[in-house]
Amino acid sequence: MISSLRKDADIIIKKSIDAVLPDEAVKRALKGFKKGTGKVVLVAAGKAAWQMANAAVKEMPDISEGIVVTKYDHVKGDIPGITCCEAGHPVPDENSFSATRKALDLVRPLGADDTVLFLLSGGGSALFESPLISGEELQDITKQLLACGADIVEINTIRKRLSGVKGGRFAEVAAPAKVYSIVLSDILGDPLDMIASGPAVPDSSTCQQAQEIAARYNLKLSDEARNLLGKETPKELSNVTSVITGSVRELCTAASNAAKDLGYEPIILTDMLSCEARDAGSFLASIAISNSRKGDKKLAYIAGGETVVHLKGTGKGGRNQELALSAAIGLNGLSNAAVFSVGSDGTDGPTDAAGGYADGQTVSDLCEKGMNVNSYLDNNDAYNALKAVDGLIITGPTGTNVNDVAVLLIS
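Heads up: these notes are all about the structure in this document. The model shown is predicted, which means the values in this text are computed figures rather than measured ones. (Residues numbered from 1 in each chain as written. Predicted model: local features only at pLDDT ≥ 70, side-chain atom pairs only at ≥ 80, totals over all residues. Heavy atoms only, no water.)

Details of the sheet that holds strand S10 (residues 355-359)
For clarity, the cut-off: Two strands pair under a simple rule: DSSP has to find at least two bridges between them. Only DSSP runs of H or I covering at least 4 residues are called helices, and only runs of E covering at least 2 are called strands; the numbering of each starts at the N terminus.
Taking strand neighbours across the sheet as the criterion, the six strands line up as S7-S8-S12-S9-S10-S11 in an open arrangement whose pairing is mixed. Of all the strands in the sheet, the pair left with one neighbour each is strand S7 (265-273) and strand S11 (392-393). Sheet topology note: the S7/strand S8 (residues 299-305) ladder contains six bridges and is parallel. Residue pairing in the sheet places Pro-266 in a bridge with Ala-300 of S8.

Have a look at this one:
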């Protein structure tokens, strides 16, 4: 039965991700696009940038030139007329900075009759960056924010004020050209000004909020960075039209439909999951314990969103892998339940895995190898624990990015 659960999990993962690939979403959004009398240039940033740009160029052959900035190993080939760049994520690197400079050089000369087709997806905060402080300090601050347990809204509130493109500043540079922004959302509730730190959206966050976040997490900042936290971002932009064309809601619905096709009764618990990864795993396991002995139907509990990991150890992993390994403790001994969690972009943390899978045998399989599940959790080393028991989910880069989905299957 456990092997059949893994097969069902793989099917649900594939169908869910296929359903939220950006090709059709970009085509839908382009129906509302009206170009000016001048030229159209394309700028795409984020983990799904290549896929979005490829779809846009096929749909709009009159794009004159453009640039794609995406994560390493996410460019899948040449796109006519488009320069494709790969850069660092989740920490920006020199390739992030140089690719963003090229994008800025592309839009600065544009006039009022020209249009920027701006394609944005999650991951853009690291990939699309023009720092107002040294690159080294920006990288250090990013690492501090990722390690302290700050959520994505808090992280982006800080990053906006340290950047020459975030918080609406890219749209300011592009003016007087019009900016038509197509956005794949990777943040709960789809706040436009927080997705990839809102390069083409008026910023709703304030200096006071940024300063409070810096104090809350005791961030180590230079005087220059502290001064920037006190400078406001653009609150009005008259040259931008934005369209959200994908979100975690669609991912949850796709997982629900795929589970239903396999004979499960799907229950979407939430598409706003936001907590510690190991707490989410324990919660799903507790549902399994309550329902695994009923035996009258197959159930699929679905939760979409984005969890966080408070790094304390030195291991390797990501939030989805940690969620699954945490669930393994509660699932131990259950013969008919499994939990898997996956990032829709195909990457989870600084690893080659999209997420993790655990079932009632995971803990005992680890014990047979002399591995203690709690020790691996304490060291934030879910990757190596799950790798040892074939619990890693490997999809490769998917071309989309609309948050994560975690599923409990009871057969």
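On we go.
What to know about the side chain of Asp-93
The cut-off we apply is this: The cut-offs for exposure are 20% and 50% of the maximum accessible area for each residue type, with area from a 1.4 Å probe on protein chains only; residues under the lower value are buried, those over the upper are exposed, and the others partly exposed. Working convention for charge: Lys and Arg count positive, Asp and Glu count negative, and His plus the chain ends are omitted. Here, a salt bridge means any Lys or Arg side-chain nitrogen found within 4 Å of an Asp or Glu carboxyl oxygen. Residues count as neighbours in contact if any of their non-hydrogen atoms are within 4.5 Å of one another.
Relative to the assigned elements, Asp-93 resides in the loop between strand S3 (82-87) and helix H4 (94-107). No salt bridge is formed by the buried Asp-93; its nearest oppositely charged neighbour, Arg-101, is found at 9.8 Å. Excluding residues that lie within four positions of it along the chain, Asp-93 makes contacts with Tyr-72, Ala-87, Gly-88 and Gln-139.

Here we look at the layout of surface pockets
The method is simple in principle: a probe with the dimensions of a water molecule rolls over the atoms, and the space it marks as empty is what remains. To be explicit about the condition: Using a 1 Å grid laid over the protein atoms alone, points where a 1.4 Å probe fits but cannot get out form a cavity; open sets with protein on both sides within 12 Å along at least 5 of 7 lines form a pocket; any residue with an atom within 4 Å of a point counts as lining. Grid points are joined across faces, edges and corners, and a volume is the space filled by probe spheres set on the points. Throughout this entry, Asp, Glu, Lys and Arg are counted as charged residues, while Ala, Val, Leu, Ile, Met, Phe, Trp, Tyr, Cys and Pro are counted as nonpolar. The remaining residues, Gly among them, count as polar.
Taken as a whole, the second largest pocket spans an internal volume of roughly 160 Å³. Forming the walls of the second largest pocket are Ile-2, Ser-3, Arg-6, Tyr-357, Asp-359, Gln-361, Thr-362, Asp-365, Val-389, Asp-390 and Gly-391. Sorting the residues of the lining of the second largest pocket by element identifies helix H1 (2-19), S10 and helix H14 (362-368) as the ones contributing at least two each. It is H1 that provides the largest number of residues to the lining of the second largest pocket, a total of three residues. Residues of the lining of the second largest pocket, tallied by class, amount to three nonpolar, four polar and four charged.

Some points on the environment of Pro-109
Along the polypeptide, Pro-109 turns up in the loop between H4 and strand S4 (115-120). When its relative accessible area of 65% is taken as the criterion, Pro-109 is described as exposed. Between the C-alpha atom of Pro-109 and that of Ala-175, which follows or precedes it by 66 residues, the distance is 9.3 Å.

With respect to the sheet that holds strand S1 (residues 40-45)
Selection criterion: A fitted line through C-alpha atoms represents every axis, and for helices the fit uses only the stretch in contact; the resulting angles, taken between N-to-C directions, go from 0 to 180 degrees.
Overall, parallel pairing links the six strands, which are arranged S3-S2-S1-S4-S5-S6 in an open sheet. On the outer flanks of this sheet lie S3 and strand S6 (240-246), each paired with one strand and no other. Direction aside, neighbouring strands of the sheet carry axes that sit 15° apart on average. On top of the sheet, helix H3 (residues 49-59) reaches S1, strand S2 (63-71), S3, S4 and strand S5 (178-184); it is set at about 160° to S2, its chief contact.

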